[in-house]
Amino acid sequence: MADTTLFRAVNILTAVISITTAIYLMPFVPNLMEMTDKLYLEATTSKEIIAKMYPPQIRERLLNRERSRMDGTGSAAMVDGSSTREVEMNIKEPIRHRIQEFIRRRSGKEDKLGVVHPNQDDPENDLFDSDPIADDFNDTSIMFADISSFTLWSSQHSPIEVFTLLESLFCEFDRIADEMGVYKLSTVGDCYIASAGVPYPRDDHAIVLTQFAECCRQRANDLFVRLSPKLDTDGLGIRIGIHSGPVTAGVLRGDKTRFDFFGDTINTAQRIESTGKPNSVHLSSETAQLIELAGKGDWLLPRKNAVEAKGKGELKTYWLRKAGEVGTSEEDPSLLMV
């Protein structure tokens, strides 16, 4: 009888303690739930955690589910002091990481014919099982470099001589790009296309691509002189154009999967190049503005005549001054480099 009474007393005491504890902790439950949501959001938007814990397909599903949840509740407005834009940028990071990872893998997968061979982890293998790998890059600079008088010159030389010139020139440009952290997109005929700010974002994209362009101009001139005795390249020159603006970039999947970017910025950069002059670097006003904001306004020489661009009308443009010169005439554009 004594044991039964003691047992009931212990049960009653345990119940009282449980009820008291529950009442005491009740005000903290909402905070605990809010903390759990925040921790979950941080985990799903952290590329370091996700990259280590989940394969690409599952990682993208988690991020998409979290984005949908936030859009439906409006809870993304502020997370631990972070704005909606910051949260969105965190969500984009895994996509950009996949783009950059594809580029790193691709450099080691081409055969002697330049064909990319897929493996089990490549994004092209899940072409119909996942969304395309693409993103907007709002702060970029694009460069087009073209050999002036190349069409006439190539018609008067053998295929071996034509490819000797192109290989020699583009290899020089590639070495400079590697040294300066500039990305080579592709070559189309005698045109070399490069970028800064995409696929690897950087704040100084206009400055670094402008310096890259000047280095390419100098190296091309040196090469034309060196090859002239064998290839008669005295009449050739390099014509370069740069424009800054947003692009849409990503991995274009298919039989020959490749990284590519698109947008009006690309078209304008090509137009700036085609309306330039041999042995000169031609800049759009957008690129010139970024150079001025960086405190390098003495690099610039305004072009006297406006450039006519299809669909855009007249554009104000600038020449890049050549190293060591302070020209005042657009007939002799010059560049001051640091």
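It should be emphasised that the depicted structure is a prediction, and the values quoted were computed from it without experimental measurement.

A. Structural view of the side chain of Arg303. On the secondary structure map, Arg303 appears in the loop between strand E7 (300-302) and strand E8 (307-309). At a separation of 2.7 Å, a polar atom in the side chain of Arg303 contacts the main-chain carbonyl oxygen of Thr275.

B. Main features of helix H9 (residues 264-274). Among all positions of H9, only Thr265, Ile266, Thr268, Ala269, Ile272 and Glu273 are buried. Along the axis of H9, the buried residues cluster in a sector spanning 165°; they form a single face. Contact partners of the buried residues in H9: strand E1 (133-148), strand E4 (237-252), strand E5 (258-262), strand E6 (280-284) and strand E10 (317-320).

C. Quick look at the pairing of E6. Across the five residues that make up E6, a large majority, five, are buried. Neither face of E6 is open: one carries Ser280, His282 and Ser284, the other Val281 and Leu283, and all of them are buried. Bridge count between E4 and E6: four bridges; the pairing is parallel. Counterpart to Gly241 in the pairing with E6 is His282.

D. Local environment of helix H7 (residues 159-180). For H7, with 22 residues, the first-to-last C-alpha span of 32 Å sits near the 32 Å given by 1.5 Å per residue. Residues of H7 that are buried include every one of Val162, Leu165, Leu166, Leu169, Phe170, Glu172, Phe173, Ile176 and Ala177, and no others. With its buried residues spanning 145° around the axis, H7 presents them on a single face. In H7, those exposed residues whose orientation departs by more than 90 degrees from the buried face are Pro159, Ile160, Phe163, Glu167, Asp178 and Glu179. As for H7, its buried residues are in contact with E1, helix H6 (150-155), strand E2 (183-188), strand E3 (191-196), helix H8 (205-231) and E4. At the exit of H7 stands Gly181, carrying a positive phi of roughly 75°.

E. Main features of the pattern of salt bridges. Per the stated rule, a full pass over the model turns up 10 salt bridges. Measuring nitrogen to oxygen at the nearest pair gives 3.7 Å for the salt bridge that ties Glu172 to Arg226. In this pair, Glu172 sits in helix H7 while Arg226 sits in helix H8, placing the two residues 54 residues apart along the sequence. Accessibility expressed as a relative area gives 51% for Arg226, which makes it exposed. A salt bridge links Asp174 to Lys184, with the shortest nitrogen-to-oxygen separation between them at 3.3 Å. In this pair, Asp174 sits in helix H7 while Lys184 sits in strand E2, placing the two residues 10 residues apart along the sequence.

F. Here's a closer look at unusual backbone geometry. Each neighbour pair has its own omega, and for Val198 with Pro199 the value is 5°, a cis peptide bond. The residue Pro199 is located in the loop between E3 and H8 in this model. Even without a glycine there, the phi angle at Asp232 is positive, about 55°. Mapped onto the elements, Asp232 comes out in the loop between H8 and E4. Despite not being glycine, Asn279 has its phi angle at roughly 60°, a positive value.

Reading the values: the criteria
- Residues numbered from 1 in each chain as written.
- Predicted model: local features only at pLDDT ≥ 70, side-chain atom pairs only at ≥ 80, totals over all residues.
- Heavy atoms only, no water.
- Helix = DSSP H or I, 4+ residues; strand = E, 2+ residues; numbered from the N terminus.
- Polar contact = N/O pair within 3.5 Å; in protein donor to acceptor, adjacent residues only side chain to side chain.
- Buried < 20%, exposed > 50% of the residue type's maximum accessible area, 1.4 Å probe, protein only.
- Arc of directions from axis to C-beta.
- Contact = heavy atoms within 4.5 Å.
- Pairing = 2+ DSSP bridges.
- Expected span 1.5 Å × (residues − 1).
- Salt bridge = Lys/Arg side-chain N within 4 Å of Asp/Glu carboxyl O.

Function-wise, these values are silent; they only describe arrangement.
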